[in-house]
Amino acid sequence: MRKVFGASYVVDTVTKMRGGAQKMVYKIDCSNSFSCVLYVWDLSMNYFEEEIANQDINEQSYGSSLFEINNKFLIQHGIQTPFLYDLNKERNHYPFDYALVEYVNGQKAEDYFYHSDSKVQDKVFLRLGEMLSSMHANERHYFGKPNEIGINATENGHLIQMENAKVQLSYASHYIESIKSNQNKLLDTLYELESRIKPRAQYGFIHGELGPDHILVNEKLNPLLIDIEGAMYFDIEHEHSFLEFRFGDFYRYLKNDALDPDRMLFYRFHHHISLTSGGLKLLHRGFPDQQFAKDLAEHHSKYALRFIEG
């Protein structure tokens, strides 16, 4: 803190914040009333360390370099996200990267689901809808990270999620009997949904995992995106199919009428399979909130199976 901000910034307290499954998050309070957030990317504390080591799709949403790239990109394009004060990737003293980031005094968007003032709710979610429309309208002709230049120009982005869904379905089938007994039907459904998708060469910029817990709302009721490592150019239907079930009734503020219904259905199915597997992995790997992990796997396995009913 002294090295980055100066001698008057003396750490008073450090509080572990409720972080995700891929990095540690702490709030630092100084004796001069300044506060900021410390992000720590310690792979040994990552619940998806195995997937990252195998360089599968989870690698695309982990690491300080991705955070740095996307933080700069979002700010340059007028999309609010906490400011990056300093990023240390030297690893001279610690075997991990870490960053000091702006502390936003506010609440997560999910807290506004239960706000007593409907006018405040309208303001928050309308502003969020405007932000997402602006971000998704930032387009280019190939998918990938903002620093990648044309390397995926001849590929269809949804095929990455197709392969991921097959891997996650295989994992889930080892632990959930209803998934195991219906694995072939689920796989056939995946292929059927994918077969309806027509080629595309236009991708918008998306967050990648935009639930209401990945949006901070500051004191002026402006939304800011957090956990941005997975942001990239991709099908915006991937984002909207996720927003649809994470925001429930409040999705009406975020809805886009120009979406491809075939992609929406394909990605919705993919999310249910992926989150079933993800919940199981958290459960098996000692995630602190075991009930959350169990509920996540059970909830999404039920929704995945609904695709083959009737």
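Predicted model only: the values in this text are computed from it and were never measured.

Rules used throughout
Starting from 1, residues in each chain are numbered consecutively following that chain's sequence as written. Under the rules for a predicted model, residues below a pLDDT of 70 receive no local features and side-chain atom pairs below 80 are neither given nor counted, while totals for whole chains, interfaces and linings still include all residues. To obtain the side-chain values, all non-hydrogen atoms of the structure were used and water was disregarded. Throughout, exposure labels follow a simple rule: accessible area from a 1.4 Å probe, protein chains only, divided by the maximum for the residue type, with under 20% read as buried, over 50% as exposed, and the rest as partly exposed. Secondary structure elements follow DSSP: runs of H or I no shorter than four residues count as helices, runs of E no shorter than two count as strands, and numbering proceeds from the N terminus. Strand pairing requires that DSSP identify at least two bridges connecting the strands. Centres within 6.5 Å are what make two rings of Phe, Tyr or Trp a pair, Trp counting through its six-membered ring; a difference in plane orientation under 30 degrees is then read as stacked, over 60 as edge-to-face, and the rest as tilted. Note on definitions: a residue-residue contact is assigned when non-hydrogen atoms from the two residues lie within 4.5 Å. Between N-to-C directions, angles cover 0 to 180 degrees, with each direction set by a line fitted to C-alpha atoms, over the stretch in contact for helices. By salt bridge we mean one thing: a side-chain nitrogen of Lys or Arg within 4 Å of a carboxyl oxygen of Asp or Glu. Nonpolar cores were defined as sets of buried Ala, Val, Leu, Ile, Met, Phe, Trp, Tyr and Cys residues, with membership established by side-chain atoms within 4.5 Å. Working rule for angles: under 35 degrees goes down as roughly parallel, over 145 as roughly antiparallel, 65 to 115 as roughly perpendicular, anything else as oblique. Under this grouping Gly is polar, as are all residues other than the nonpolar Ala, Val, Leu, Ile, Met, Phe, Trp, Tyr, Cys and Pro and the charged Asp, Glu, Lys and Arg.

Enquirer: Just checking my understanding: could you explain the pairing of strand β1 (residues 11–16) for this structure?
Expert: Within a regular strand, the side chains alternate between the two sheet faces. Buried residues are scarce in β1, accounting for 0 of its 6 residues. Pairing analysis gives 5 bridges linking β1 to strand β2 (residues 24–30), with the strands arranged antiparallel. Paired with valine 14 across the bridge in β2 is isoleucine 28.

Enquirer: Honestly, the packing of aromatic side chains in this entry has me stumped. Any pointers?
Expert: One pair of aromatic rings is described through two measures. These are the centre distance and the angle between the planes. Tallied over the full model, the rule gives 32 aromatic pairs. For the ring pair phenylalanine 125 and phenylalanine 250, a centre distance of 4.8 Å and an interplane angle of 35° mean the geometry is tilted. Residue phenylalanine 125 is located in helix α4 (residues 118–136), and its partner phenylalanine 250 is located in the loop between α8 (236–247) and α9 (261–284); the two are separated by 125 residues in the primary sequence. There is no split in this pair, since phenylalanine 125 and phenylalanine 250 are both buried. Between the aromatic rings of phenylalanine 287 and phenylalanine 292, the centroid separation amounts to 6.2 Å while the plane-to-plane angle is 50°, which identifies the pairing as tilted. Relative accessible area serves as the criterion here: at 12%, phenylalanine 287 is assigned to the buried category.

Enquirer: It is not clear to me how the sheet that holds strand β6 (residues 107–108) should be interpreted in this structure. Could you clarify?
Expert: Neighbouring strands of a sheet are bound in pairs by backbone hydrogen bonds; such pairs are parallel or else antiparallel. If you walk across this open sheet you meet the 3 strands as β6-β9-β10, and the pairing is antiparallel. Only two strands of the sheet have a single neighbouring strand rather than two, namely β6 and β10 (223–225). Sheet topology places β6 next to strand β9 (residues 215–217); 2 bridges connect them, and they run antiparallel. From the neighbouring strand, lysine 108 faces β9, where its bridge partner is leucine 216. Where α4 meets the sheet, it contacts β9 and β10, and its direction lies at approximately 45° from that of β10.

Enquirer: Would you explain the pattern of salt bridges in this entry?
Expert: Proximity of charged atoms lets side chains of opposite charge pair with each other. What the rule picks out here adds up to 14 salt bridges. Across the salt bridge formed by arginine 268 and glutamate 244, the nearest N and O atoms sit 3.3 Å from each other. Taken together, the positions of arginine 268 in helix α9 and glutamate 244 in helix α8 put the pair 24 residues apart, joining distant regions of the chain. When its relative accessible area of 19% is taken as the criterion, arginine 268 is described as buried. One network of salt bridges, with partners in common, ties together Arg200, Asp235, Glu237, Asp260 and Arg263.

Enquirer: Help me out: how do you make sense of the nonpolar core in this one?
Expert: Most often, soluble globular proteins keep nonpolar side chains buried together rather than apart. The biggest cluster of nonpolar side chains holds 65 residues, and the ones touching the most others in it are Tyr39, Phe125, Leu225, Phe247 and Leu254. The element that contributes the greatest number of residues to this core is α4, accounting for 7 residues. Filtering out sequence-adjacent residues up to four positions away, phenylalanine 247 remains in contact with Phe113, Phe125, Leu128, Leu210, Gly211, Pro212, Ile215 and Leu254. Ranked by size, the runner-up nonpolar core spans 10 residues in total, among them Ile28, Cys30, Phe34 and Leu38.

Enquirer: What is the right way to look at the packing of helix α5 (residues 158–173) against helix α7 (residues 183–195) in this model?
Expert: The description of two packed helices rests on the angle between their axes and on the distance between the axes. It is at 11 Å that the axes of α5 and α7 come closest, and there the two elements cross at 175°. By the criterion of interaxial angle, the relationship of α5 to α7 is roughly antiparallel. Mapping the contact onto sequence places His158, Leu159, Met162, Ala165, Lys166, Leu169, Ser170 and Ser173 in α5 and Gln183, Leu186, Leu187, Leu190, Tyr191 and Glu194 in α7. Per-class residue counts for the contact of α5 with α7 are 8 nonpolar, 4 polar and 2 charged.

Nothing here speaks to function; it is all geometry.
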